[in-house]
Amino acid sequence: MKRLVLVDGNALLHRAYHATPPLSTSKGELVNAVYGFTSMVLKALDDLKPDFIAIAWDVNAPTFRHQAYTQYKATRGPTDDGLISQYDRVHQIVKALNIPEFGVEGYEADDLIGTLARQAVEKEKQLGVIILTGDRDIMQVIDKRIKILMPRKTLSDVGLYGQQEFRDKYGFEPKQTIDYKALAGDASDNIPGVPGIGEVTATKLIQQFGSVEKIYAPKNIKTLPERLQKLLAEGAESAVMSKNLAILDLNA
């Protein structure tokens, strides 16, 4: 089976910047993110030996999620100047490696990666996809032929997540990630979820009912403790909005 590797450029570069000690050239140019990013890409090429590869980037413009919820990612601070200064050098590296790059206004890199992965497996029946990222948002696309390779504690310590590995770690199916975020929210993206419902309760509800829609079905929600019913009722609108924010657009 042939292999396509899709790289989340922003996620990998952020991980490299924060995981690699400060390194500078003889002229004082900070290059730790460039070094860490390049090391991870070269290691992926060496270990995975892909037949095809591409990198997707976030574009510095509002997305459809910002239009739906103005506070989306609003809690994130400004990007460090030390990281911003390294983007041009990273793009030079990617160009030198002859790797195609994708970036589309209105969409996040995850939307593009999910779209490319879906297109690839639909067009090529004998092809598998591995997504190299440091962002868990993309895990909802995991299936029989799409897996996630994610750095764990260090840049060289990576975990490969297929369907079974995801189930073992999180206790539900990859596609149910969007239902989990609808309930528990996502602090990194400022997705609110349902106030008062944490990770443990969200996981239990998904395991019991399967989706947000089924949880809110009258016959199901009535079986829950009164306090939980109250939380869900008060947070119903937020749950629907949060789920819509979490869903990747696979037709970017």
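Look above for the structure.
Residues numbered from 1 in each chain as written. Predicted model: local features only at pLDDT ≥ 70, side-chain atom pairs only at ≥ 80, totals over all residues. Heavy atoms only, no water.

## Overview of the overall build of the chain
Item 1. Regarding its fold elements, the chain presents 13 helices and 6 strands.
Item 2. At 19 Å, the chain has a C-alpha radius of gyration in line with the 18 Å of a compact globule built from 252 residues.
Item 3. Its C-alpha atoms give the chain principal-axis dimensions of roughly 65 × 40 × 30 Å.
Item 4. With 252 residues in all, the chain has 46% of them scored as buried.
Item 5. Intrachain contacts of the chain at a sequence separation of at least 6 include 65% that bridge at least 24 residues. (Helix = DSSP H or I, 4+ residues; strand = E, 2+ residues; numbered from the N terminus. Rg over C-alpha atoms; globule rule 2.2 N^0.38 Å. Buried < 20%, exposed > 50% of the residue type's maximum accessible area, 1.4 Å probe, protein only. Contact = heavy atoms within 4.5 Å.)

## Observations regarding the pairing of strand E2 (residues 52-56)
Side chains on a regular strand alternate between the two faces of the sheet.
Item 1. Among the 5 residues that make up E2, 4 are buried, leaving the element largely enclosed by the rest of the structure.
Item 2. Both strand E1 (residues 2-8) and E2 contribute to a ladder of 5 bridges, which runs parallel. Across the sheet, Asp-8 pairs through a bridge with Ala-56, a residue of E2.
Item 3. In this structure, E2 lies alongside strand E3 (residues 101-102), joined through 2 bridges in parallel fashion. (Pairing = 2+ DSSP bridges.)

## Some words on unusual backbone geometry
Item 1. Positive phi outside glycine occurs at Asn-98, with the angle close to 60°.
Item 2. When you line up the elements, Asn-98 lands in the loop between helix H5 (87-96) and E3.
Item 3. In this structure, Asn-190 is a non-glycine residue whose phi angle is positive, near 60°.
Item 4. Residue placement: Asn-190 occurs in the loop between helix H8 (177-184) and helix H9 (199-209).
Item 5. Taking relative accessible area as the criterion, Asn-190 reaches 19% and is therefore assigned buried.

## Brief notes about the pattern of salt bridges
Item 1. Evaluated as defined, the whole model comprises 12 salt bridges.
Item 2. A salt bridge links Glu-173 to Arg-167; the nearest nitrogen and oxygen atoms lie 2.6 Å apart.
Item 3. The class of Arg-167 is partly exposed, set by a relative accessible area of 28%.
Item 4. Salt-bridge contacts for Lys-243 lead to Glu-213; the nearest nitrogen and oxygen are separated by 2.8 Å. Of this pair, Lys-243 sits in helix H13 (residues 236-246) while Glu-213 is found in helix H10 (residues 212-215), placing the two residues 30 residues apart along the sequence.
Item 5. For Glu-213, a relative accessible area of 49% puts it in the partly exposed group. (Salt bridge = Lys/Arg side-chain N within 4 Å of Asp/Glu carboxyl O.)

## Focus on the pairing of strand E4 (residues 127-132)
Item 1. Burial analysis of E4 places 6 of its 6 residues in the buried class, the great majority of the element.
Item 2. The two faces of E4 match: Leu-127, Val-129 and Ile-131 on one face and Gly-128, Ile-130 and Leu-132 on the other face are all buried.
Item 3. As judged from the 4 bridges shared by E4 and strand E5 (residues 146-151), these two strands associate in the parallel manner. In the strand pairing of E5, Leu-132 is matched with Leu-149.

## Notes on the packing of H8 against H13
Item 1. It is at 8 Å that the axes of H8 and H13 come closest, and there the two elements cross at 140°. As the angle between them shows, H8 and H13 are arranged oblique. For the crossing formed where H8 meets H13, the hand is right-handed. In this structure, H8 contributes Ile-178, Asp-179, Lys-181 and Ala-182 to the contact, and H13 contributes Ala-239, Ser-242, Lys-243 and Ala-246.
Item 2. For the contact of H8 with H13, the class distribution of residues is 4 nonpolar, 1 polar and 3 charged. (Axes fitted to C-alpha atoms, helices over the stretch in contact; angles between N-to-C directions. Parallel < 35°, antiparallel > 145°, perpendicular 65-115°, else oblique. Left-handed = near helix turned anticlockwise from the far one by under 90°. Nonpolar A, V, L, I, M, F, W, Y, C, P; charged D, E, K, R; others polar.)

## Brief notes about the nonpolar core
One recurring pattern in soluble globular proteins is that nonpolar side chains are buried together.
Item 1. By size, the foremost hydrophobic cluster in this structure holds 42 residues, and its most contacted members are Leu-6, Val-129, Ile-131, Leu-183 and Ile-197.
Item 2. Ranked by size, the runner-up nonpolar core spans 25 residues in total, among them Leu-12, Val-41, Ile-99 and Ile-130. (Core = buried A, V, L, I, M, F, W, Y, C linked by side-chain atoms within 4.5 Å.)

## Describing the environment of Leu-23
Item 1. Note that Leu-23 resides in the loop between helix H1 (9-19) and helix H2 (32-48).
Item 2. Between the C-alpha atoms of Leu-23 and Tyr-35, which are 12 residues apart in sequence, the distance is 8.3 Å.
Item 3. Contact partners of Leu-23, with chain neighbours within four places excluded, come to Glu-29, Leu-30, Val-31, Asn-32 and Tyr-35.

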